[in-house]
Amino acid sequence: DKNFCVYNFGSAYHFSTQETIFFITNLLKNKINKGDFIFFIDGLSEIGNQETKVDQKIKFLFNYTNLKFWEKFYFTAPLFLESLPIVQLYKRFLVKTKSKKNENVVNQDEILNVFQKNVIIRKAICLNMEINCYTFLQPFPQIAGVYDKKLFLTDAPDREDEFKEKHNLLKKTKYIVDISDALNNMKELSFVDLGHYTPKASYAVANSIYLKILRDLN
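Conventions and cut-offs
- Residues numbered from 1 in each chain as written.
- Predicted model: local features only at pLDDT ≥ 70, side-chain atom pairs only at ≥ 80, totals over all residues.
- Heavy atoms only, no water.
- Helix = DSSP H or I, 4+ residues; strand = E, 2+ residues; numbered from the N terminus.
- Buried < 20%, exposed > 50% of the residue type's maximum accessible area, 1.4 Å probe, protein only.
- Contact = heavy atoms within 4.5 Å.
- Areas by Shrake-Rupley, 256 points an atom, 1.4 Å probe, with all protein chains shown as cover.
- Pairing = 2+ DSSP bridges.
- 1 Å grid on protein atoms, 1.4 Å probe; cavity = no way out; pocket = protein on both sides within 12 Å on 5 of 7 lines; lining within 4 Å.
- Points joined across faces, edges and corners; volume = space filled by probe spheres on them.
- Nonpolar A, V, L, I, M, F, W, Y, C, P; charged D, E, K, R; others polar.
- Phe/Tyr/Trp six-rings, centres within 6.5 Å; stacked < 30°, edge-to-face > 60°.
- Salt bridge = Lys/Arg side-chain N within 4 Å of Asp/Glu carboxyl O.
- Axes fitted to C-alpha atoms, helices over the stretch in contact; angles between N-to-C directions.

Chemist: Tell me about the overall build of the protein chain, and please be specific about residues and values.
Modeler: For the protein chain, the helix and strand inventory stands at 8 helices and 3 strands. Overall, the protein chain shows an N-to-C arrangement of helices and strands of α-β-α-α-α-α-β-α-α-β-α. Overall, the C-alpha framework of the protein chain stretches about 60 × 45 × 35 Å when taken along its three principal axes. Per-residue burial for the protein chain yields a buried fraction of 30% across its 218 residues. The contacts of the protein chain with a sequence gap of at least 6 include a subset with a gap of at least 24, amounting to 75%. Accessible area of the protein chain: about 15300 Å², with a carbon and sulfur share of 57%.

Chemist: I'd like a rundown of the pairing of strand β1 (residues 37-42), residues and numbers included.
Modeler: Alternating positions in β1 separate cleanly, I38, F40 and D42 being buried on one face and F37, F39 and I41 remaining unburied on the opposite face. For β1 and strand β2 (residues 132-137), the ladder comprises 6 bridges, and the chain directions are parallel. Across the sheet, the residue bridging to F39 is Y134, located in β2.

Chemist: Tell me about the layout of surface pockets, residues and numbers included.
Modeler: There is about 270 Å³ of room inside the second largest pocket. For the second largest pocket, the lining is made up of 14 residues, of which K123, C126, N132, C133 and Y134 are closest to its centre. Listed by contribution, the elements that provide at least two residues to the lining of the second largest pocket are α5 (108-129) and β2. Broken down by element, the residue count for the lining of the second largest pocket peaks at 5 residues, all from α5. Across the lining of the second largest pocket, the residue classes tally to 8 nonpolar, 2 polar and 4 charged.

Chemist: Which residues make up the packing of aromatic side chains, and what are the values?
Modeler: Tallied over the full model, the rule gives 11 aromatic pairs. With centroids separated by 5.6 Å and ring planes inclined at 85°, the aromatic side chains of F23 and F40 adopt a geometry described as edge-to-face. Linking F23 in helix α1 (residues 16-28) with F40 in strand β1, this pair joins segments that are 17 residues apart in sequence. For the pair F23 and F40, a shared accessibility class is recorded, and that class is buried. Ring centres 6.0 Å apart and planes at 65° place the aromatic pair F39 and F136 in the edge-to-face group. Linking F39 in strand β1 with F136 in strand β2, this pair joins segments that are 97 residues apart in sequence.

Chemist: Could you give an account of the pattern of salt bridges, with specific residues and numbers?
Modeler: Where charged atoms of side chains with opposite charge meet at close range, the side chains can pair. Under the criterion given, the structure shown has 6 salt bridges. One salt bridge connects E162 with R159, and the closest N-O pair in it is separated by 2.9 Å. Given a relative accessible area of 10%, E162 falls into the buried group. Taken together, the shared-partner salt bridges in this structure form one network comprising E19, D42 and R122.

Chemist: Go over the sheet that holds β2 with me, naming the residues and quoting the values.
Modeler: Sheets are built from strands paired through backbone hydrogen bonds, the pairs being either parallel or antiparallel. Strand order in the open sheet made by the 3 strands is β1-β2-β3, with parallel pairing throughout. Only two strands of the sheet have a single neighbouring strand rather than two, namely β1 and β3 (177-178). Running over the sheet, α1 touches β1 and β2 and is turned about 165° from β1. α5 rests against β1 and β2 of the sheet, and its axis sits at about 160° to β2.

Here it is as structure tokens:
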């Protein structure tokens, strides 16, 4: 007998740090009220204190605003060259032929430490302001649900070992709700790539969240 209005604030490349900052920003703007439910779905994107691709692009664009008029040509010329079809074709060919070896270095202590602190910050704020907050540990690709390995490896390295390592690491986090088994009963494709669920997998994740919070909804 209750009506809920749901907002999805998911953003590309965001992980727990950006989410926590965005959460606090919305609190300061009075967009979050006492009794609201806040869901953070985390895990796969956790990278500790490293910069995301979005951070790097914003810095790159900000640098442009501080250049003198004649210096802006040095900034824009490479962008123009990269936009040419022949250059795009070459880069696509290069991506297909270069090594697929994953070169990401996982700093386990930093990743766990940053994630744990973000969860504790959220928990403290929500307890103080009487908001219902949950941080869910999501199902990981290549170790949960059904996936097509050939589909993944067409444009990305095999990251199964990396995902297992990160998943086992983040399971140690206190005050999280583990829903990484939400896709265990799926018999259809669960992932469309190394970072996104299929519609049916998304429904399974949502249903798992609903069952975890059902008691608090009443």
